[in-house]
Amino acid sequence: MSEVIEPPPVSAAVPAEQSKFKTSDDVAFYKRQIRGPNPQYRTLLDTMVLTERGARFELLQPDSQKSLLLSVSPCKNNTVRILIDELQPIKARYRVPDVLVGEPQGERMSVERQSKDSVTLSWSSGRHQVRVWHFPFRLEILCEDEVMVTFNSKGKLWFETLQEPPRATSESSELEDEHTSSLWKETFKEFVDIKANGPSSIGSDLCLHGFSHVYGLPEHADDLQLRDTRDGEPYRLYNLDVFAYDVYSRFGLYGSVPLLVAHKPDRTLGLFWLNASETYVNVHYSPSEHQDDQTPPAKGVQKQTDVHWLSESGVIDCVVLLGPGPQQLFSQYAQLTGYQALPPLFALGYHQCRWNYNDEADVKAVDAGFDQHDIPYDVIWLDIEHTDGKRYFTWDPEHFPEPAELQHHLQRKKRKLVVISDPHFKFDPGWLLYNEAREGGHFVRDREGQIYLGSCWPGACSYLDFSNPDTRAWYSGCFSLEEYKGSTPSLFLWNDMNEPSVFGGPEQTMPKDAVHHGGWEHRELHNLYGFYQHMATAEGLIARSGGSERPFVLTRSFFAGSQRYGAVWTGDNVATWEYLEISIPMILSLSITGIAFCGADVGGFFRDPEPELLVRWYQAAALQPFFRSHCAIWSKRREPWLFGEEVTAAIRTVIKQRYCLLPFWYTLFHQAHTSGLPPLRPLWVEFPRDESTFSVDNQYMIGGALLACPVIKPGVEEIKVLLPGSDEVWYDVHSAESYKGGRTLSLPVTLDTVPVFQRGGSVVCRSVGSGSCTAEYKELPLNITVALSSQGLADGELYLDDGHSFSYRDRKAFCLRRFNMLSGRLLCRPASEDGAFDCDTVIQSLTVLGVKNKPSTVVVHLSGAKDSSAAFQYTETSRMLTVSDLNLRVTKDWEIQIL
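All residue numbers refer to positions counted from 1 along the written sequence of the respective chain. Since the coordinates come from a predicted model, pLDDT governs what is reported: local features require at least 70, and pairs of side-chain atoms require 80 or more to be given and counted, while whole-chain, interface and lining totals use all residues. Hydrogens and water are ignored here; the side-chain numbers use all heavy atoms of the structure.

Asker: Explain the state of the cysteines to me, please; I cannot follow it from the model alone.
Answerer: A covalent bond bridging the sulfur atoms of two cysteines is what the word disulfide describes. The disulfide criterion is simple: two cysteine sulfur atoms within 2.5 Å. Per the stated rule, a full pass over the model turns up 0 disulfides. Here Cys-143 stays free of any disulfide, with the sulfur of Cys-75 as its closest cysteine sulfur at 14 Å. Under the scheme applied here, a residue whose accessible area is under 20% of the maximum for its type counts as buried, over 50% as exposed, and between as partly exposed, the area being computed with a 1.4 Å probe on protein chains only. Given a relative accessible area of 3%, Cys-143 falls into the buried group. As a non-bridged cysteine, Cys-709 has Cys-598 as the owner of its nearest cysteine sulfur, 18 Å distant.

In structure tokens form, the structure reads like this:
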């Protein structure tokens, strides 16, 4: 949401008010590092110490005689951690806590080769090596004797050591005073930033050998593949409230994940830069994409990508993830920062939100409208106006006088309510919760030691210091049913404005010299602020249930590891086609960097979508993880039935299709929760050797089975769909028509067309029938669609549990089944021996795509029962076999033979 409640000017071309935000030219530490000169470091090889967890070296900068400590820690899961700190700092530098789920387990290394110029260390039976060079210092990581990554390849290692504040003397020249002063004080517009520790920036470059495609570094409204930054701004990682952000921009937005993913046909690797201060990343491809097309690259020039990281403070803490494939890389990253939380099933349904629904009668009327128009939904949301004067944890006594009864009304229909809770507290000495927070020392302070006073929706307000574990515990307690009056177990949460957003603050956020728990300046941990609120809210909801129920919390601001606590959305977008188009690469970028439960506001937050845009947005969003319609207070009402029957019917269709596909989505989230594989995947993740997929970001895979190519441009009558893999078969899910892969298909489309293809060799489970919410769909029987590969094979999984509790984890109350098709025989067997979950879910029907000849009979074999023949239909034109009236329990072993 923007700072002012009055609508921004409609005539403007979507005002992002970028003038209130910095460019890299406004950032002193960035300019110092880019301009140089970069000091060269020597590795003192004779200081090497081998430990249980790797090796340590001292680095010396000969001119200044400053010493750094380098630690290299190879880990058991094919990752290498590079840590550089001052050898003897005058005080501790900030190291990011709470993001890693545990200290990575290091491996012992042995010396492979040593000379006066370098030392080569190996581990894991010598397959991996680290080579450290004496002068100039650089560090190479080798796999099977091939250099994959070089740290400090271009000598851009930068480390400003902490100093005592300078004392001005009469002998100092005016110029020296001015220079010294600028290092300790920085001004942007009317804002002055006093740096308690002086200049403390760090940076380094890494060369990725053989790579020419890199991705990641959300959040930016830009292409999936990162662009070469030589033609403009670097990628900025600094969490900011940017209303109606510019598209195709490297400007920092609401959240930051400092993970870069590089891919080439035979290798995927990642760079994770664990730093929560303001960070910039430059990407240079070589041979340069800026080269004159008439000038071919020099013969024998190998492709490479140089990545330069620059951060304002902290230490250098860089983890190189060595893959070798996308799946291994996702697993490595999840082992570092945590797996995606398994959401409660209702959270994968459709969410209806507006800033704001007027009152309880309005909420009930909208709820009834979904039933009246036969559109399923699960959650209705309330924005800031539901509170008593913008005091969170309260209810407006006039418009929401009976909030618990409202929640009970929704819960009787098995639906939920979500309310907003921002990180600022209204400055109100008459409000009990404000006084509790103040007396408990739970607010951020300014550089003078006073409680920091900023401005947001309530006017003057203070900001909770979520970096303090005591504050998080206190805040979590505020969600208990006893403390949060009017709340019930069916109330869930939304954290907004938590970059944090400060109206009228520097770049509309908190000053960097504000002070947090432990005396740390805000600059050190700025990008962690929303992460910590998300953590505290999720933990509060878990504690509310005595640890038994899964929470649902949506956050706008995030960092690496936020996936452990819930969902993320892409913030204040606009109701235009370009924002629909950019939402896909934005969601893909989040997905490949661990934030798998993500989505964009359907229809655009700001302004009013035309009916065609609204339909196309629903069609795209129904095929993405988090599915919520949301709009601003100035936008016209946007419930799906307000645009005429044609639009209502189109929206109803895709929402129902989403609900039918929930068994598949839920299974994908189980995979994300256990393996790190995101439900939404760029094509190259599933087709890592197919270079035609490497830059595609207008279509994507849902799991390994479905390819979606939503229509994202107006007035389109035909679209082009890349069907990857020359040995693949693809089936149109609507017509069952099959297509050979390795081609671009021209597909005619109408307003009702949503291009989705099932991959040959896959199995997809869908609910059969309809209901009003996930709880009703969960009781429906299933259809299995088996899409045969060119070899006549297919396999897939189905995950089931109670959909809401932690029993799947604590009591192994889950069921994971595998469907395997081989030689005309479909087997249903356990995919895991771990779980036990008894449910009545049945397979009612089976659809097999790609059956070349009409079968003579279909036989069902159930353990302990007599074989029986099943009724079937065969459609010769589409080669589709449909077997009906099966009534087979999912939890039992059985097989179906097609003869």
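Asker: I'm lost on the sheet that holds strand 16 (residues 259-264) in this one. Help?
Answerer: Strands belonging to one sheet form pairs held by backbone hydrogen bonds; the direction of such a pair is parallel or antiparallel. The pairing criterion is simple: DSSP has to find at least two bridges between the two strands. Each helix is a run of DSSP H or I of at least 4 residues and each strand a run of E of at least 2, with the numbering of both proceeding from the N terminus. Strand order in the open sheet formed by 8 strands is 1-2-3-4-20-17-16-14, with antiparallel pairing between adjacent strands. For this open sheet the edge positions go to strand 1 (42-51) and strand 14 (214-216), each flanked by a neighbour on one side alone. Adjacent strand axes in the sheet meet at a mean angle of 20°, parallel and antiparallel pairs treated alike. Where strand 3 (residues 66-75) meets strand 4 (residues 79-86), 8 bridges bridge the pair, whose relative direction is antiparallel. Fitted lines through C-alpha atoms give the axes, limited to the stretch in contact for helices. The angle between two N-to-C directions lies from 0 to 180 degrees.

Asker: Just to check I follow, could you spell out the nonpolar core for this structure?
Answerer: One broad rule of soluble globular proteins: the nonpolar side chains tend to lie buried together. Side-chain atoms within 4.5 Å are what join buried Ala, Val, Leu, Ile, Met, Phe, Trp, Tyr and Cys residues into a set we call a nonpolar core. Counting residues in hydrophobic clusters, the biggest one holds 173 residues, and the most contacted among them are Phe-272, Phe-425, Leu-528, Phe-552 and Ile-702. With 10 residues, the single largest contributor to this core is helix 10 (residues 577-592). When sequence neighbours within four positions are dropped, the list of residues in contact with Ile-702 reads Leu-623, Phe-664, Trp-665, Leu-668, Pro-679, Leu-680 and Ala-708. Tyr-41, Val-72, Val-119 and Phe-151 belong to the second-largest nonpolar core, a separate cluster that totals 50 residues. Only heavy atoms enter the contact rule, under which two residues are in contact if any of them lie within 4.5 Å.

Asker: How should I be thinking about the side chain of Glu-507 in this particular structure?
Answerer: Of note, Glu-507 is situated in the loop between strand 27 (491-495) and helix 8 (522-525). Each residue touching Glu-507, except ones within four places of it in the same chain, is listed here: Lys-20, Phe-21, Lys-22, Phe-188, Arg-236, Tyr-238 and Leu-240.

Asker: Quick question: what am I supposed to make of the sheet that holds strand 24 (residues 424-426) here?
Answerer: What the 3 strands build is an open sheet, ordered 24-26-25; its pairing is antiparallel. Every other strand in the sheet has two partners, leaving strand 24 and strand 25 (454-456) as the edge strands with one partner each. Neighbour-to-neighbour, the strand axes of the sheet open up by a mean angle of 55°, direction not taken into account. Where strand 25 meets strand 26 (residues 459-463), 3 bridges bridge the pair, whose relative direction is antiparallel. Bridging across to strand 26, Ser-455 finds its partner in Ala-460.

Honestly, that's just the spatial picture; any functional story needs more than this.
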